Each structure stands twice: as structure tokens, then as C-alpha cells.
Amino acid sequence: MAGKVNVDNEGNQWEADQYFTNGSCSNDTYSVSNDIANTPDDELYQSERFCMESYDIPLADGDYTLNLHFAEIYPDAAPRVFGVTAEGDTLFTDYNIAAEVGDYTATTRSFDVTVNDGTLNLAFQRGTENPKISAIEVVEQADEEPDPEPDPEPEPEPEPDPNPSVVSIPFRLNAGGGTYTDVNGNQWQADEYYTHSDCGKDYSVSDGIANTEDDTPLSDRKMVHGQLRHTGEQR
């Protein structure tokens, strides 16, 4: 809210002065045409409301940043000292604008405020002179973004199960023999998973085996209940 200006140098919209409660003064606004230092928005600080008791601004409940804009444009009031509270909490006491920045110079004081009852209540306390304000700005505080979760550590590759509950495919078993790698680089497991009959035994030869380059798997066999199990075709 401000007195004369509607749009500032950055394109922000400012409402006309409202929501105030006057104090005991018969004339409670004042303006000048002097240049204002420390701002590109002279008009925002060339008018003021003074001698007010409070501002009660309707706002949704939440957390806000309150910016109170000041410039001492009535040097005859020196020393002007006053205080302000927001939602019953003291923002400052014994504030002297001219002592901080000089006359006709813009300054802003910012505070975090929380509204819980639908109204931002600002109260002004007179010190050695009437309190005053050039403009009031309330900005909703953005929700803080949570820190991103760190990338999870990659899952380690599982160790192969030495005793798997199921075999992997393709499954190659060298019946009656040990582990074997054939001419194509295929791995053949040692003989296992069998059930002996009364005559269950292994048998192997060293004879050459026709029609294959992999004599070894076909030169081993296991007899189980009269059946021959091997990794070649059953005969």
C-alpha cells in the first residue's frame, strides 16, 4: 500500500492507502515533491501517513515477509522516534529514520511475520514524535524446497548362489563327468541332481566319439534305473 504511486519501477502494483485506524491528529497525511535518495521510486516515498494507531490488513493465514518503507520527508519533526509491533510482537522501538539514513532518503525494514487469524495487525507507538509510514509491502514466503535426496548407492551385483533353487537356462550337464567347456565355449556343469538306483554308477571311456568335436561329454554316462542321462541326445 502506498499514497500516490500505483506501479513502481519494477512493475509491482501498489494499492491505495487503506486498512488504517487514525490517531488523534486532524490531518494525518503529508506529501512533498523533493527528490528521494536511495531509490528509483521517488513517488513511493514522497507521501506518508502519520499519527495512525494501526493497520489491520486482511490476509490468509500463513508466513509472510513484511517490508516497511520509510523516508523522513518532514525534517521539522526531528527527532522523530517511534515503535511498531506486528501481531503483538515488537518489531522495533525508538526508531529514528533520519538518524539512520538522513532526510529525504528511502530505507526499508523487513521482518518475518505469521498470520493465524486472517488479519495482519500492525500497531504504531508514538515516542518523541508521531509515527509515520511511506508504504507497506507484504510478500508471501515461498515454501523451502527440501534438500534433494542423495543418489542411492548402486545395489551390488548379487553373488551367484552356489546352490540355486532352480537351474539357469540354458542348462548343460555333463552326465557322469566333471565340469567341461565345449568347442563353442559353452560351460557344462559337473554331474549332479541325480538319484541312485541300486546299481547307479558312473562309466567312462577314452574311445573317440564320431559325429562330434566334443568327445568328452559323450564318453561319460550315468546309469540310473536303466536310463542313460547325458548331455547329448538320449539313445
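Quick notes on the rules
Residues numbered from 1 in each chain as written. Predicted model: local features only at pLDDT ≥ 70, side-chain atom pairs only at ≥ 80, totals over all residues. Heavy atoms only, no water. Phe/Tyr/Trp six-rings, centres within 6.5 Å; stacked < 30°, edge-to-face > 60°. Helix = DSSP H or I, 4+ residues; strand = E, 2+ residues; numbered from the N terminus. Buried < 20%, exposed > 50% of the residue type's maximum accessible area, 1.4 Å probe, protein only. Patch = residues over 30% accessible without salt bridge, like charges linked within 9 Å, V, L, I, M, F, W, Y side chains within 5 Å. Areas by Shrake-Rupley, 256 points an atom, 1.4 Å probe, with all protein chains shown as cover. Salt bridge = Lys/Arg side-chain N within 4 Å of Asp/Glu carboxyl O. Lys, Arg positive; Asp, Glu negative; His and termini not counted. Charge placed at Lys NZ, Arg CZ, Asp CG, Glu CD. Contact = heavy atoms within 4.5 Å. Pairing = 2+ DSSP bridges. Axes fitted to C-alpha atoms, helices over the stretch in contact; angles between N-to-C directions. Core = buried A, V, L, I, M, F, W, Y, C linked by side-chain atoms within 4.5 Å.

A. Spatial organisation of the packing of aromatic side chains. Under the defined criterion, the tally for this structure stands at 10 aromatic pairs. Between the aromatic rings of Phe 70 and Phe 92, the centroid separation amounts to 6.2 Å while the plane-to-plane angle is 75°, which identifies the pairing as edge-to-face. Here the residue Phe 70 occupies a position in strand S5 (residues 62–70), and Phe 92 occupies one in strand S7 (residues 89–95), the gap between them amounting to 22 residues. When sorted by exposure, Phe 70 lands in the same class as Phe 92, which is buried. Three or more aromatic residues link up through ring pairs in this structure, and these residues are Phe 70, Phe 82, Phe 92, Tyr 95 and Phe 111.

B. Highlighting a negative patch on the surface. Residues Asp 63, Asp 112, Glu 140 and Asp 143 make up a contiguous surface patch of negative charge. Looking at the element boundaries, Asp 63 is found in strand S5.

C. Seen up close, the environment of Val 138. Position of Val 138 among the secondary structure elements: in strand S11 (residues 135–140). A sequence separation of 26 residues divides Val 138 from Asp 112, and the C-alpha atoms of the two residues are 9.7 Å apart. The contacts of Val 138, once residues within four sequence positions are left out, are Leu 59, Tyr 64, Thr 65, Leu 66 and Leu 120.

D. Spatial organisation of the sheet that holds strand S10 (residues 132–133). One open sheet holds the three strands; their spatial order is S2-S3-S10, and the pairing between them is antiparallel. Where the open sheet ends on each side, the last strands, each with one partner, are strand S2 (29–31) and S10. Relative to strand S3 (residues 47–50), S2 runs antiparallel, the two being bridged by three bridges. Within the sheet, the bridge partner assigned to Tyr 30 lies in S3 and is Glu 48.

E. Geometry of unusual backbone geometry. The backbone phi angle of Asn 38 is positive, close to 70°, even though this residue is not glycine. Position of Asn 38 relative to the elements: it lies in the loop between S2 and helix H1 (42–45). Exposure remark for Asn 38: the relative accessible area of 63% places this residue in the exposed category.

F. Structural detail: the sheet that holds S11. Here three strands make up an open sheet; going across it, the order is S8-S5-S11 and the pairing antiparallel. Of all strands in the sheet, those bounded by a partner on one side alone are strand S8 (107–115) and S11. Strand after strand, the sheet turns through a mean of 25° between neighbouring axes, direction not considered.

G. Representation of the pairing of S7. Pairing geometry for strand S6 (residues 82–86) and S7, over four bridges, is antiparallel. Within the sheet, the bridge partner assigned to Ala 86 lies in S7 and is Asp 89. Connecting S6 to the antiparallel partner S7 that follows it, the hairpin turn spans two residues, and Glu 87 within it adopts a positive phi of roughly 50°.

H. A look at the nonpolar core. Counting residues in each nonpolar core, the largest one holds 23 residues, and the members touching the most others are Leu 66, Leu 68, Phe 92 and Leu 122. Looking at this core, the elements that each hand over two or more residues are strand S4 (52–58), S5, S6, S7, S8 and strand S9 (119–126). Per-element accounting of this core gives the leading share, four residues, to S5. Sequence-distant contacts of Leu 68, defined by excluding residues within four places in its chain, comprise Val 84, Leu 91, Phe 92, Thr 107, Thr 108, Arg 109, Phe 111, Leu 122, Ile 133, Ala 135 and Ile 136. Leu 44, Ala 71, Ile 73 and Ala 135 belong to the second-largest nonpolar core, a separate cluster that totals nine residues.

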